[in-house]
Amino acid sequence: MKARFSIRRYRRPVAYAFLLILIMLMVVFRVGIVGIIEPVAVPLVQLSTWVSDKIFWWKESQRITPEALEDLYSQRTQLALEVVEVNRLKEENALLREEINFQERTGLTTISAQIIAKSISRSVNRFVLNVGEQEGIRLGSPVISHDGIFVGKIMELSKHSSTVSSVTDPSQSIAVSLLNESRTIGVASGIIGDLIQIDFIPVDEQIEENDLVVTSGLEASIPSGLLVGLVNTVRQEADSPFKQAIVEPLSDSRRIASVLVIISSETLP
Amino acid sequence: MIQRLLQAVLLSLLIVIQVSFIDALPFPFDRIPLVLIVAVYLIQSSNGARGWLWLIGYGVILDLLHITMPVTELFSYFILAILLRVFAMHIITNRSVYGMGIASLIGLSVLTLTQTVLLLIFQHEHASLIPGMVLMNVWGMGWSIIVFLLLFPLARFLSQHIHARNERSL
């Protein structure tokens, strides 16, 4: 006898297939997830940032030895000298800008964004923002802290959210320039241990510890001169024509709950 | 229906706590695999019937957020969910704290293995990250044992209390 077709028999597989298609569509279009979790996620990130700052301060203080403290004092002096140098460069830069007339540098605008999720570990250093394409964000847009320090750049984008790859993320690379005498340029990438590494620096370049590292402006959407970090160590292997600089970033993704995204005024909604 | 809806809300809340609060804490406190621990507890205590969908849901949300290894999280958590379900049904049938601890250790090992293989396949240029990733998951294993030892008696007490109350009301 021919078996009767029964819709109940197929209810479960159909439901699973529907769920799977729904999941795939959501993954592809990243529908509304950020909007849903935002009201809970933003206070949680702020709480976690507060906990990192106020409760775990001892983790930081344990690391500081008297020698390190002495180093910090000398770094401060060095930085003060650098500030003088930077001011001189600012004036020089203003004159050069007039000459070269870089339109894009004058059209920069920032928008404020809240962090709604973080993934910070030795292999990943990323966070999710509550602003996206609709707010004028574009792939590769630079993200800075409120005091103007380079934090990372946009690596994933959807309508109302975006994922930032932090400057120390190992999959991240940025074009940087050192504020040394020869203004060495290079590509910096994140390495394990919340540090940044600049490879393939010719041996004849003069690089010192505490040299400031800034964005070089060679990447299309990232303006030059955004502060990235300080040179911590300079390494050179025997017989190698290149040296490496290990850079300590000045931004700490763990300690920020909101950021600024630099966008071009043309992309504003 | 209401119970399922409540579970979905609870899962979402747990996931938000994981990605927005725990993952943002300083190392090694950011390694507490809260969602995994709760899912292992549910899978084990329900004989594999409940909890495994939580892990798949977690994989989906991680993929939606594009925060760790985009488009591979769902796959790794799907494998993990199925494996933990099979383990709960046929292999780790002892519903003690030790059984759950072992299940979570196996779970994290499977997750590490899957993620390593996926990293090698899709992002082999970042293969140098594998030792760091393994170390992170080893911390996760340590945390899961600690959390189980601390919370298992509490969870068992609550579950018994709720059952007793339901029976009395019937």
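Structure first, text after, so check above.
What comes next is a walk through the structure. These numbers were taken from a predicted model, which means no experiment stands behind them.

The next thing to look at is the overall build of chain B. Helix and strand counts for chain B stand at six helices and zero strands. For chain B, the α and β elements follow one another from N to C terminus as α-α-α-α-α-α. For chain B, the residues scored as buried account for 54% of the 170 residues in total. A separation of at least 24 residues holds for 64% of the contacts in chain B among residues at least 6 apart in sequence.

Before going further, it helps to spend a moment on a negative patch on the surface. Residue and element names in this part refer to chain A. A cluster of acidic residues, E67, E70, D71, E181, E208 and E209, forms a negative patch at the surface. Inspection of the secondary structure puts E67 in helix 4 (residues 66–100). Judged by its relative accessible area of 56%, E67 falls in the exposed class.

Once that is clear, we can look at the environment of V86 of chain B. Counting through the fold element by element, V86 of chain B comes out in helix 4 (residues 73–91). Put simply, V86 of chain B and G48 of chain B are 38 residues apart on the chain and 7.1 Å apart in space, counted from C-alpha to C-alpha.

What follows is about the side chain of Q44 of chain B. Residues and elements named next belong to chain B. Mapped onto the secondary structure, Q44 falls in helix 2 (residues 34–45). Looking at Q44, the relative accessible area reads 1%, which means it is buried. The contact partners of Q44, leaving out residues within four places of it in the chain, are A88, I92, N94, R95, G99, M100 and A103.

Looking along a regular strand, one sees the side chains alternate between the two faces of the sheet. All names here are of chain A. Sheet topology note: the strand 7 (residues 185–191)/strand 8 (residues 195–202) ladder contains four bridges and is antiparallel. Residue pairing in the sheet places S189 in a bridge with Q197 of strand 8. Judged from the five bridges that link them, strand 8 and strand 11 (residues 242–249) form a sheet pairing that is antiparallel. Residue pairing for strand 11: I198 is matched across the bridge by A245.

The next thing to look at is the packing of helix 2 of chain B against helix 3 (residues 52–65) of chain B. All names here are of chain B. It is at 8 Å that the axes of helix 2 and helix 3 come closest, and there the two elements cross at 155 degrees. For the element pair helix 2 / helix 3, the angle class is roughly antiparallel. The segment helix 2 lies against helix 3, with V35, L36, V38, A39, L42 and I43 engaging W52, W54, L55 and Y58. The class makeup of the residues in the contact of helix 2 with helix 3 is ten nonpolar, no polar and no charged.

The next subject is the interface of chain A and chain B. Facing the 35 residues of chain A at the interface are 31 residues of chain B. The contact between chain A and chain B buries some 3,100 Å² in all, and 71% of this surface belongs to carbon and sulfur atoms. On inspection of chain A and its partner chain B, the count reaches one salt bridge. Between R254 of chain A and D30 of chain B there is a salt bridge, with its nearest N and O atoms 3.6 Å apart. Remark: the boundary between chain A and chain B carries five residue pairs in polar contact (both at pLDDT 80 or more).

Let us look at the pattern of salt bridges. All names here are of chain A. Counted according to the given criterion, the structure contains five salt bridges over all chains. For D169, the salt bridge is made with R126, and the minimal N-O distance between the two is 3.2 Å. Here D169, found in the loop between strand 5 (162–166) and strand 6 (173–178), pairs with R126, found in strand 2 (residues 125–129); they are 43 residues apart in sequence, far enough to count as distant. This pair shows no difference in class: D169 is buried, exactly as R126 is. When the shortest N-O distance is used, the salt bridge between D252 and R255 registers 3.8 Å. Classification of D252 by relative accessible area gives partly exposed; the value is 33%.

This paragraph deals with the sheet that holds strand 8 of chain A. Residue and element names in this part refer to chain A. As summarised here, the arrangement of the six strands in space is 6-7-8-11-10-9, forming a closed barrel in which the pairing is antiparallel. Pairs of neighbouring strands in the sheet enclose a mean axial angle of 45 degrees, with direction left out of account. With three bridges connecting them, strand 9 (residues 212–215) and strand 10 (residues 227–235) associate as antiparallel partners. Within strand 10, the residue paired with V213 across the bridge is G229.

About the thresholds
Residues numbered from 1 in each chain as written. Chains lettered and ligands numbered in written order. Predicted model: local features only at pLDDT ≥ 70, side-chain atom pairs only at ≥ 80, totals over all residues. Heavy atoms only, no water. Helix = DSSP H or I, 4+ residues; strand = E, 2+ residues; numbered from the N terminus. Buried < 20%, exposed > 50% of the residue type's maximum accessible area, 1.4 Å probe, protein only. Contact = heavy atoms within 4.5 Å. Patch = residues over 30% accessible without salt bridge, like charges linked within 9 Å, V, L, I, M, F, W, Y side chains within 5 Å. Areas by Shrake-Rupley, 256 points an atom, 1.4 Å probe, with all protein chains shown as cover. Salt bridge = Lys/Arg side-chain N within 4 Å of Asp/Glu carboxyl O. Lys, Arg positive; Asp, Glu negative; His and termini not counted. Charge placed at Lys NZ, Arg CZ, Asp CG, Glu CD. Pairing = 2+ DSSP bridges. Axes fitted to C-alpha atoms, helices over the stretch in contact; angles between N-to-C directions. Parallel < 35°, antiparallel > 145°, perpendicular 65-115°, else oblique. Nonpolar A, V, L, I, M, F, W, Y, C, P; charged D, E, K, R; others polar. Buried area = accessible area lost by both parts, 1.4 Å probe. Polar contact = N/O pair within 3.5 Å; in protein donor to acceptor, adjacent residues only side chain to side chain.

Honestly, it's all geometry; don't read function into it.
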